[in-house]
Number of protein chains: 2
Amino acid sequence: MAGRAEAAFEIPVEEVTALVRTASELALEWFRRPLLIENKAGGGDAALGLFDPVTAADRAVEDTLRAALLERFPRHQVYGEERGRTGAPDAAGVYRWVIDPIDGTRAFVTGQPLWGTLLGLQCGDEVLGGWLHQPTSGHTYVAAGDTAVLHEGHRTVPLATSGRTSPDQAVLLCTHPDMFVGAESEAFERVRRSVRMTRFGGDCLNYGFLATGYADLVIEAQLQPYDIIPLIPLVERAGGIITDRDGRRPLAGGWAIAAASPELHQAALELLNG
Amino acid sequence: MAGRAEAAFEIPVEEVTALVRTASELALEWFRRPLLIENKAGGGDAALGLFDPVTAADRAVEDTLRAALLERFPRHQVYGEERGRTGAPDAAGVYRWVIDPIDGTRAFVTGQPLWGTLLGLQCGDEVLGGWLHQPTSGHTYVAAGDTAVLHEGHRTVPLATSGRTSPDQAVLLCTHPDMFVGAESEAFERVRRSVRMTRFGGDCLNYGFLATGYADLVIEAQLQPYDIIPLIPLVERAGGIITDRDGRRPLAGGWAIAAASPELHQAALELLNG
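Because the structure is a prediction, the values reported are computed rather than measured. (Residues numbered from 1 in each chain as written. Chains lettered and ligands numbered in written order. Predicted model: local features only at pLDDT ≥ 70, side-chain atom pairs only at ≥ 80, totals over all residues. Heavy atoms only, no water.)

## Focus: the environment of F9 of chain A
Residue and element names in this part refer to chain A. Just so we agree on the cut-off: Put simply, DSSP marks the helices as runs of H or I at least four residues long and the strands as runs of E at least two long, and each gets a number from the N terminus on. Summary of the burial criterion: residues with accessible area below 20% of their type's maximum are buried, those above 50% are exposed, and those between are partly exposed, where the area comes from a 1.4 Å probe applied to protein chains only.
With respect to the helices, strands and loops of the structure, F9 is situated in the loop between helix 1 (3-8) and helix 2 (13-25). Taking the relative accessible area as the measure of exposure, F9 reaches 14% and is therefore buried. It is 9.1 Å that separates the C-alpha atoms of F9 and Y95, two residues lying 86 residues apart in sequence.

Printed below as a string of structure tokens:
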């Protein structure tokens, strides 16, 4: 899939991995420390999306990673959650680094170690690389070039889904049931009633748990592009399938249905859309 | 509250803390490793409580901790999730150690670091000590004797809730919405609609997040005594309040409503019972 693009640009995987880790670990200065939580949306409303804590940590990580990427790859674009885009949006044939400095800000502010720094490399409709680093555990998921592994401290394991095919054996993960509203909730509930176990929470790590065989399905909605683009290569290179509700790659955010096997993905889509 | 009992028995807090850590860390041999999951309840049903994964890790932790406690305190009783009780149930004036070897088995089997080993020391209606150790982070919450702290790796912080009093400023944690059924769900939803943010997941760590000011409310149901007894001292010694839905200490399990302040606890109870 990535052959054409890689011919033009070989990703220096280890170098980029080091940049992600260095930037991500800056967040530890603010994790489980007293901090001022800003409210981007301005209101105190409890509805999802209106309480959107943004911390100094977010900006420190993104600014550091942006600067490092633009210095190393001056012809590339960068698109980050906090600081937006450089260059023209979606210019053809352009490499774009997609940054979510802290995915899981709710986990972050409640002291839970289920947040991470995401980096993706996109070129048109292709996502050539994905990184997820969780600095409290030191776990780094990498799917780029010839690499598709989890660096888990003292050991490195290849990314591989469970391969499970049947919903009634599947473990389903989802960050929060409020991601779904109205008929969407009913659709999600159809899947939830069909699986063996559901667990909420997890944020970006859910896709890592899927890519290492600890869960079989992740279903989420209301995602931003930077929430999900970096995770696409992790799922795909592990042997999984990830699409939106219409069966397309979720490059624009919105829904993500990630599954350990094509059969399970198909079953989940049918339950959602049935 | 514990004056009478402590006159009769001074808890060797550091020694017990070391026993908890040593036993708990045995679980790491099975965490994020291929494992066989037994199904205690026998069925494959997706309903909460029927998929109850029990691993060799559970038994290794409990057996080690039981043996160490009974050797050190031969006149005391032990009550654990996996191996049941020693001695007569609820004999008056008897010290009983309450063990949950791995609270959060669902987190454990899905690779999430939100599980822990719980130990409580009960004497009649009093809970004289509580311990929670999470071995992947190395965090140990201790509330016993003169000690009420979180050992967080390189630093030790005193247990103290946020002190928040108003639901509309509160962060609510709960392991899973399926803990509530029917009218219970409606009661929980009344609280959920009143708070600033809700996050699911977390298991025993939720009470630790409350006791260190990262969350303000924890509301759960369908708890077993060993799920909650060890956590009572953590909440109380941090300045929080924890009761069942009737305002009593949740010594028998069931509901737990834990709050950062008496005012917030009262508001939560009124929302639940209104």
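## Comments concerning the sheet that holds strand 14 (residues 241-243) of chain A
All names here are of chain A. Heads up, the condition is: In this analysis, strands are considered paired if DSSP registers two or more bridges between them. Between N-to-C directions, angles span 0 to 180 degrees; the directions come from axes that are lines fitted to C-alpha atoms, helices contributing only their stretch in contact. We call two residues contacting when some pair of their heavy atoms lies within 4.5 Å.
Overall, mixed pairing links the five strands, which are arranged 12-11-13-15-14 in an open sheet. The outermost strands of the open sheet, each flanked by one partner alone, are strand 12 (197-200) and strand 14. Going across the sheet, the axis of each strand differs from the next one's by a mean of 15 degrees, ignoring polarity. Where strand 11 (residues 171-174) meets strand 12, four bridges bridge the pair, whose relative direction is parallel. Residue C174 lies in a different strand from strand 12, and its bridge partner there is F200. Against the sheet, helix 9 (residues 262-273) engages strand 13 (217-223), strand 14 and strand 15 (254-259), with an angle of about 140 degrees to strand 15.

## Points about the packing of aromatic side chains
How we decide: Each Phe, Tyr or Trp ring, with Trp reduced to its six-membered ring, pairs with another whose centre is within 6.5 Å; inter-plane angles below 30 degrees give stacked pairs, above 60 give edge-to-face pairs, and intermediate values give tilted ones. Geometrically, a lysine NZ or arginine CZ counts as sitting over a ring once it is within 6 Å of the ring centre and also within 35 degrees of the ring normal.
By the definition in use, this model includes 23 aromatic pairs over all chains. Considering the side-chain rings of F9 of chain B and Y95 of chain B, the 5.1 Å spacing of their centres and the 55 degrees angle between planes classify their relative orientation as tilted. Here F9 of chain B is found in the loop between helix 1 (3-8) and helix 2 (13-25), whereas its partner Y95 of chain B is found in strand 5 (residues 95-103), with 86 residues between them in sequence. Judged by relative accessible area, Y95 of chain B falls into the buried class, the value being 11%. Taken together, the ring pairs in this structure connect F180, F188, F200 and W255 of chain A together with F180, F188, F200 and W255 of chain B into an aromatic cluster. A cation sits over an aromatic face here: R245 of chain A above W255 of chain A, 4.9 Å from the ring centre.

## Remarks on the domain arrangement of chain A
Residues and elements named next belong to chain A. Under the convention used in this document: An automatic or database domain assignment is the source of the domain bounds shown. By buried area we mean how much accessible surface two parts lose on assembly, using a 1.4 Å probe and totalling the loss over both. Basic side-chain nitrogens of Lys or Arg form a salt bridge, by our definition, when they fall within 4 Å of a carboxyl oxygen of Asp or Glu. Polar contacts, as used here, are pairs of N or O atoms within 3.5 Å; protein pairs need one atom able to donate a hydrogen and one able to accept it. Residues neighboring in sequence count only if both atoms are side-chain atoms. Following the grouping adopted for this structure description, the nonpolar residues are Ala, Val, Leu, Ile, Met, Phe, Trp, Tyr, Cys and Pro, the charged ones are Asp, Glu, Lys and Arg, and the polar ones are all others, Gly among them.
Considered domain by domain, chain A is made up of domain 1 (13-158) and domain 2 (167-272). Residue-level contacts link 34 residues of domain 1 with 23 residues of domain 2. Carbon and sulfur atoms supply 69% of the area buried between domain 1 and domain 2, which totals about 2300 Å² over both sides. Between the two partners, domain 1 and domain 2, sit zero salt bridges. For the pair domain 1 and domain 2, the interface holds three residue pairs in polar contact (both at pLDDT 80 or more). Secondary structure elements with two or more residues in the side of domain 1 that touches domain 2: strand 5 (95-103), strand 6 (116-123), strand 7 (126-134), strand 8 (139-144) and strand 9 (147-152). Take the side of domain 1 that touches domain 2: its biggest share by element is seven residues, from strand 7. When grouped by side-chain class, the residues that make up the side of domain 1 that touches domain 2 number 18 nonpolar, nine polar and seven charged.

## Remarks on the sheet that holds strand 6 of chain A
Residues and elements named next belong to chain A. Taken in spatial order, the eight strands make up an open sheet running 4-3-5-6-7-8-9-10, and their pairing is mixed. If you trace the sheet from one side to the other, it starts and ends with strand 4 (84-85) and strand 10 (155-158), each paired once. Relative to strand 5, strand 3 (residues 77-80) runs parallel, the two being bridged by four bridges. Among the inter-strand pairings, G80 is bridged to a residue of strand 5, identified as I99. Docked against the sheet, helix 2 engages strand 5, strand 6, strand 7, strand 8 and strand 9, running at close to 40 degrees with respect to strand 7. Along the sheet, helix 3 (residues 56-72) makes contact with strand 3, strand 4, strand 5 and strand 6, crossing strand 5 at roughly 160 degrees.

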